[in-house]
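Report on the structure
Chain residues, written in single-letter form:
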Amino acid sequence: RDRRPDGGRLHSGSRASIDRATFPPNAAMTLPALSLLETRVLGVLAEKQHTVPDAYPLTLNALAAGCNQKTSRDPILNATDAEVQACVDHLKSLSFVVETSGGRVMRYAHNIERVLGVPSQAVALLAVLMLRGPQTVAELRLNSDRLHRFADVSAVEGFLDELATRPAGGL
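Structural notes, computed from the coordinates. Along every chain, residues carry numbers that run from 1 in the direction the sequence is written. Under the rules for a predicted model, residues below a pLDDT of 70 receive no local features and side-chain atom pairs below 80 are neither given nor counted, while totals for whole chains, interfaces and linings still include all residues. By convention in this description, side-chain values take in all heavy atoms of the structure and omit both hydrogens and water.

What about the packing of aromatic side chains?
For Phe, Tyr and Trp, where Trp contributes only its six-membered ring, two rings pair if their centres lie within 6.5 Å, and the inter-plane angle classes them as stacked under 30 degrees, edge-to-face over 60, or tilted in between. Considering all chains together, one arrives at one aromatic pair under this definition. Residues F150 and F159 carry aromatic rings whose centres are separated by 5.8 Å and whose planes lie at 65 degrees to one another, so their mutual orientation is edge-to-face. Here the two residues F150 and F159 agree in accessibility, since each one is buried. Here the term buried applies to any residue with accessible area under 20% of the maximum for its type, exposed to any over 50%, and partly exposed to those in between, with areas from a 1.4 Å probe on protein chains only.

Comments concerning the pattern of salt bridges
Any Lys or Arg side-chain nitrogen located within 4 Å of an Asp or Glu carboxyl oxygen qualifies as a salt bridge. Here the structure, examined in full by the defined rule, presents six salt bridges. The shortest N-O distance in the salt bridge between K48 and E47 comes to 3.8 Å. The burial state of K48 is the same as that of E47; both residues are buried. Counted as one network, the salt bridges with shared partners bring together E47, K48, R73 and R146.

Focus on the side chain of Q69
Put simply, DSSP H or I for four residues or longer makes a helix, DSSP E for two residues or longer makes a strand, and each gets a number counted from the N terminus. Take Q69: it is sitting in the loop between α3 (60-67) and α4 (81-93). Contacts are assigned to residue pairs with any non-hydrogen atoms lying within 4.5 Å of each other. When sequence neighbours within four positions are dropped, the list of residues in contact with Q69 reads K48 and I76.

What to know about α3
Buried residues of α3: L60, L63, A64, G66 and C67, and no others. For α3, the angular spread of buried residues about the axis comes to 160 degrees, placing them on one side. Residues of α3 that are buried sit in contact with α2 (36-51), β1 (58-59), α4 and β3 (106-110). It is the directions from the helix axis to the C-beta atoms whose arc is reported.

A closer look at the packing of α2 against helix α6 (residues 120-132)
How two helices pack is summed up by the angle between their axes together with the distance between the axes. For the pair α2 and α6, the least separation of the axes is 8 Å and the interaxial angle reads 130 degrees. Accordingly, the angle class assigned to the pair α2 and α6 is oblique. Seen from above, α2 lies across α6 with left-handed handedness. On α6, the residues that touch T39, R40, L42, G43, V44, A46 and E47 of α2 are V123, A127, M130 and L131. When grouped by side-chain class, the residues that make up the contact of α2 with α6 number seven nonpolar, two polar and two charged. Interaxial angles span 0 to 180 degrees and are taken between N-to-C directions of axes, which are lines fitted to C-alpha atoms, for helices over the stretch in contact. Put simply, angles under 35 degrees are roughly parallel, angles over 145 are roughly antiparallel, angles from 65 to 115 are roughly perpendicular, and the rest are oblique. Should the near helix be turned anticlockwise from the far one by less than a right angle, the crossing is left-handed, and should it be turned clockwise, the crossing is right-handed. We call Asp, Glu, Lys and Arg charged. Ala, Val, Leu, Ile, Met, Phe, Trp, Tyr, Cys and Pro are nonpolar, and the rest, Gly among them, are polar.

Notes on the sheet that holds β3
In short, DSSP must find at least two bridges between two strands for them to pair. With antiparallel pairing, the three strands of this open sheet are ordered in space as β1-β3-β2. Here the strands that pair on one side only, and so sit at the sheet edges, are β1 and β2 (97-101). Here β2 runs beside β3; their pairing, made up of five bridges, is antiparallel. Opposite V98, over in β3, you have A109 as the bridge partner.

Here we look at the pairing of β3
In terms of strand pairing, β1 meets β3 through two bridges, oriented antiparallel. Bridge assignment links L58 to a residue of β3, and that residue is Y108. Hairpin connection of β2 to β3: four residues between the antiparallel strands.

Some remarks on empty space enclosed by the protein
Computed over the protein atoms alone on a 1 Å grid, cavities are sets of points where a 1.4 Å probe fits but cannot get out and pockets are open sets with protein on both sides within 12 Å along at least five of seven lines; a residue lines them when it has an atom within 4 Å of a point. Grid points are joined across faces, edges and corners, and a volume is the space filled by probe spheres set on the points. Applying the stated criterion to the full structure yields one cavity of 30 Å³ or more. The space that makes up the largest cavity amounts to roughly 100 Å³. If you go around the largest cavity, the residues you meet are E47, T51, S72, R73, V128, L131, R132, N143, R146 and L147. Looking at the lining of the largest cavity, the elements with two or more residues in it are α2 and α6. Among the elements that make up the lining of the largest cavity, the one with the highest residue count is α6 (three residues). Residues belonging to the lining of the largest cavity are distributed by class as follows: three nonpolar, three polar and four charged.

Written as structure tokens, this is what we have:
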């Protein structure tokens, strides 16, 4: 595992894996690297599914606001609606995002669990990493509490190890 400058442990894969994360869902299909904004879009969708279930799936405006949110985000972004829409379109082509139309506007939901073949606990950790960048195991446990409540840091470490050693490729 990598070490933070302050001596804390990071999830194996540091900043580079968050900014340009490659998510191979299976051995037959390798997905291209995702941009920072694409990972932010996925993180926001996974987060908002749990934190604002009444508004989920999200409209483009809500998704852009979540991407540009100033709290609980590292780095802070200032993405336009057009940039977010371009990311959503690319993520739809990779099956990470699904579009629904039931009202006047299109709404978007994530499909991370199915595409990556990981449990919801792992999606919670990935979402927090996508939104906040590298963190210690203890920080991940604390910051993912609204998405999934882990019993202790060893549970977080177990899911991180599982993600890192997946047969389809480490995340």
